[in-house]
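Observations on chain architecture
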Amino acid sequence: MLKIMWRYRTRPHRGLAALSLIGLAASSPGLTGGGDEPHLAPTPPSAAQALRATRALRLARDFTAPEPFEGNSAGAGTVQRGDAQAFAQPSTTLDFEAELDFRTGKALFEKLWVSSPSSTLASDGLGPLYNARACESCHIRDGRGHPPAPGAAPVGLVLHLSRPTTATGPMADIPGYHATAPDPVYGRQLQTRALPGLTPEYRLTIDHDAIEIPLSGGESATLHAPRYTLTDLARGPLAIETRISARAAPQMIGLGLLEAIPAQEILAGADPDDRDGDGISGRANVTWSMTHQRPMLGRFGRKAAQPTLRDQSARAFADDIGLSTPLLPDGWGDCTAAQEACRAAPHGDGDARVFEVDDTGLDLVTHYARSLSVPARRDPADPQVLRGKQVFYDTGCTACHRPKFVTHVLPDRPELSFQLIWPYSDMLLHDMGPGLADDGPEGRATGREWRTAPLWGIGLTETVSGEASYLHDGRARSLLEAILWHGGEAQPHSDQVIVLPPADRAALIRFLESL
């Protein structure tokens, strides 16, 4: 298929940007088709817009002052909040009607679902097995989830299950694609809660092994490697080939802007064979879109396994709460055929909604997720922050944590259109070493690969979520610990942090706290 594509030809983390508009480009349903964007309706930028974007995307070279617009993480939609509600704010660029839909979507996001049958037909359908009764339960104030306190049931942390299988259909043609299937008994995810008459699938205990890391200047840090113990498995052990991956709920901010980044801009940063020899081999995940029924570039989730926010929202409704949607229509959620009682339990579908979350509800929650803004930077002109920024650049962190993008020109979504944003992520997969590996492939991601997590808002994690926890499973209790867990491609960079002068290491953390 011949398709019009374009991008601002930049490799901001590889060298200087150069102006280029790409006109005709061939795309196929395979790997190169990851650049197809059926979820967006972009128009080509004008020559003037392309020039502005190219100039704006150049990497910083002067660290004596902030870059233009650096404090506005989400572009024009940035919110001026630094309190516990900083992540729960709509983009300031929403018009009146869009903000009304945002408020309605927020109500659905916070809704406590109940079991069926119920007199509250618009709110029934919970479970029968589930991890939470509301989206908000895991994404508290739209922030990160974290591991449970000792003896408590996990809410913001779930265990994903997968086992290898054979790819079929269009995905079989994707180079490097790892086909997986759910556990034959427990499904895609272990649920910690159940409706009356059913039994939760398991109980989780987390222990830790301490790892002491000596640092320069006589300092030290302690990492805590988690060990997960599953007890009281309701239907016996997991299948021998099933792999377990602990995942903490990610923060919700700026998702619409990440969805609006030109796919070709993300793909341009990929270097899977490390041809430039810098040790960084970013790879794009390509995954199946339930919404658009085709392979697409993966953007969301810890391994970029979901291509759009609508796909991501439907999957969360099914696996976390047990709710059916037009994309995943089973009223029993994640229950497998081996869980007969779960599948036979009453469900909330079949009424006027048809699904427990109908098209309108799914669209409203997707709109809510798409419209959450990002808080402004704190103190970007502070001398210590500027020094930390230079350390961030000098140690090579920008090779994966790309500072900025410019979003598509989107006439139908002006609130997301042509925005200079600062997510500090290249949206690609990177090998993070054995310490963070879960040995569970997902799409094109291997068991050692994770999508570069956006850093915007990271300095407000504890303020919003009430607890400091970082990385895909929340194991890191501080930003320094999170850095020191970086292995694989990032090992040379974390090694540099270990030997930094203490003042520079403190400045680096101060910079991250300002994001």
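Our subject is the structure that appears above.
Treat the numbers as computed from the prediction; the structure is a model and nothing was measured.

1. Some details on the overall build of the protein
- Counting secondary structure elements, the protein contains 13 helices and 16 strands.
- The C-alpha radius of gyration of the protein comes to 22 Å, within 12% of the 24 Å expected for a compact globule of 515 residues.
- Dimensions of the protein along its principal axes, counting C-alpha atoms only, are 65 × 55 × 45 Å.
- Within the protein, the fraction of its 515 residues that count as buried is 57%.
- Intrachain contacts of the protein at a sequence separation of at least 6 include 70% that bridge at least 24 residues.
- Between the mean site of the 49 positive side-chain charges and the mean site of the 61 negative ones, the protein shows a separation of 3 Å.

2. Thoughts on the state of the cysteines
- Tallying each qualifying case throughout the model produces one disulfide.
- Residue C400 stays outside any disulfide, its sulfur separated by 8.8 Å from that of C397, the closest cysteine.
- Given the relative accessible area of 12%, C400 is considered buried.

3. Side note on the packing of helix α6 (residues 309–321) against helix α8 (residues 359–371)
- Contact pair α6 / α8: the axes reach a minimum separation of 9 Å and the direction vectors enclose 115°. For α6 against α8, the interelement crossing comes out right-handed. Together, L309, R310, S313, A314 and F317 of α6 and D359, L362, D363, V365, T366, A369 and R370 of α8 make up the contact between the two elements.
- Of the residues in the contact of α6 with α8, the class split is six nonpolar, two polar and four charged.

4. Remarks on the side chain of E481
- Mapping E481 onto the fold places it in helix α11 (residues 479–484).
- In this structure E481 touches T222, L223, H224, R475 and A476, once residues within four positions along its chain are discounted.

5. Side note on the pattern of salt bridges
- Counted under the stated rule, the structure contains 29 salt bridges.
- Across the pair E99 and R103 runs a salt bridge whose closest N-O atoms are separated by 3.0 Å. Of this pair, E99 and R103 both sit in helix α2 (residues 96–110), separated by four residues, roughly a single helical turn.
- With relative accessibility at 29%, the residue E99 sits in the partly exposed group.
- Using a relative accessible area of 39% as the deciding quantity, one classes R103 as partly exposed.

6. Focus on helix α1 (residues 47–56)
- Those residues of α1 not exposed but buried are A50, A53 and T54. The arc enclosing the buried residues of α1, seen along the axis, measures out at 100°, which places them on a common side. Residues A48, R52 and R55 are exposed on α1 and point more than 90 degrees away from its buried face.
- Where the residues of α1 are buried, they touch β13 (405–406).

7. A closer look at the packing of α2 against α8
- One can describe the packing of α2 onto α8 by two numbers: an axis separation of 8 Å at closest approach and a directional angle of 105°. The orientation of α2 with respect to α8, classified from their angle, is roughly perpendicular. The segment α2 lies against α8, with A98, D101, F102, T104, G105, K106, L108 and F109 engaging G361, L364, V365, H367, Y368 and S371.
- Looking at the contact of α2 with α8, its residues break down into seven nonpolar, five polar and two charged.

8. Description of the packing of aromatic side chains
- All told, the structure shown has seven aromatic pairs when counted by the stated rule.
- Taken together, the ring pairs connect F63, F392, Y393, Y424 and F511 into an aromatic cluster.
- The aromatic ring of F405 is capped on one face by R402, whose charged end is 3.8 Å from the ring centroid.
- The lysine or arginine in question, R475, covers the ring of W485, its NZ or CZ lying 4.5 Å from the ring centre.

9. Some remarks on unusual backbone geometry
- In the segment running from S116 into P117, the intervening peptide bond is cis, with an omega of -5°.
- Counting through the fold element by element, P117 comes out in the loop between α2 and β3 (129–130).
- Following G127, the chain continues to P128 via a peptide bond in cis, the omega torsion being 15°.
- In this fold, P128 is placed in the loop between α2 and β3.
- The phi dihedral of F418 falls on the positive side, at around 50°, and the residue is not glycine.
- Residue placement: F418 occurs in the loop between β13 and β14 (420–421).
- For F418, a relative accessible area of 16% gives the class buried.

10. Some details on the environment of A84
- In this structure, A84 sits in the loop between α1 and α2.
- Residues contacting A84, with those up to four places away along its chain left out, are R141, T463 and V464.

11. Regarding the environment of I321
- Summarising the element assignment, I321 is placed in helix α6.
- Between the alpha carbons of I321 and P423 there is a distance of 29 Å; along the sequence they are 102 residues apart.
- Those residues within four positions of I321 in sequence are excluded, and the remaining contacts are W113, L126, G127, L129, Y130, A132, R133, A134, C135 and A316.

So, how was this worked out
- Residues numbered from 1 in each chain as written.
- Predicted model: local features only at pLDDT ≥ 70, side-chain atom pairs only at ≥ 80, totals over all residues.
- Heavy atoms only, no water.
- Helix = DSSP H or I, 4+ residues; strand = E, 2+ residues; numbered from the N terminus.
- Rg over C-alpha atoms; globule rule 2.2 N^0.38 Å.
- Buried < 20%, exposed > 50% of the residue type's maximum accessible area, 1.4 Å probe, protein only.
- Contact = heavy atoms within 4.5 Å.
- Lys, Arg positive; Asp, Glu negative; His and termini not counted.
- Charge placed at Lys NZ, Arg CZ, Asp CG, Glu CD.
- Disulfide = S-S within 2.5 Å.
- Axes fitted to C-alpha atoms, helices over the stretch in contact; angles between N-to-C directions.
- Left-handed = near helix turned anticlockwise from the far one by under 90°.
- Nonpolar A, V, L, I, M, F, W, Y, C, P; charged D, E, K, R; others polar.
- Salt bridge = Lys/Arg side-chain N within 4 Å of Asp/Glu carboxyl O.
- Arc of directions from axis to C-beta.
- Parallel < 35°, antiparallel > 145°, perpendicular 65-115°, else oblique.
- Phe/Tyr/Trp six-rings, centres within 6.5 Å; stacked < 30°, edge-to-face > 60°.
- Lys NZ or Arg CZ within 6 Å of the ring centre and 35° of its normal.

This is a description of form; function is not addressed.
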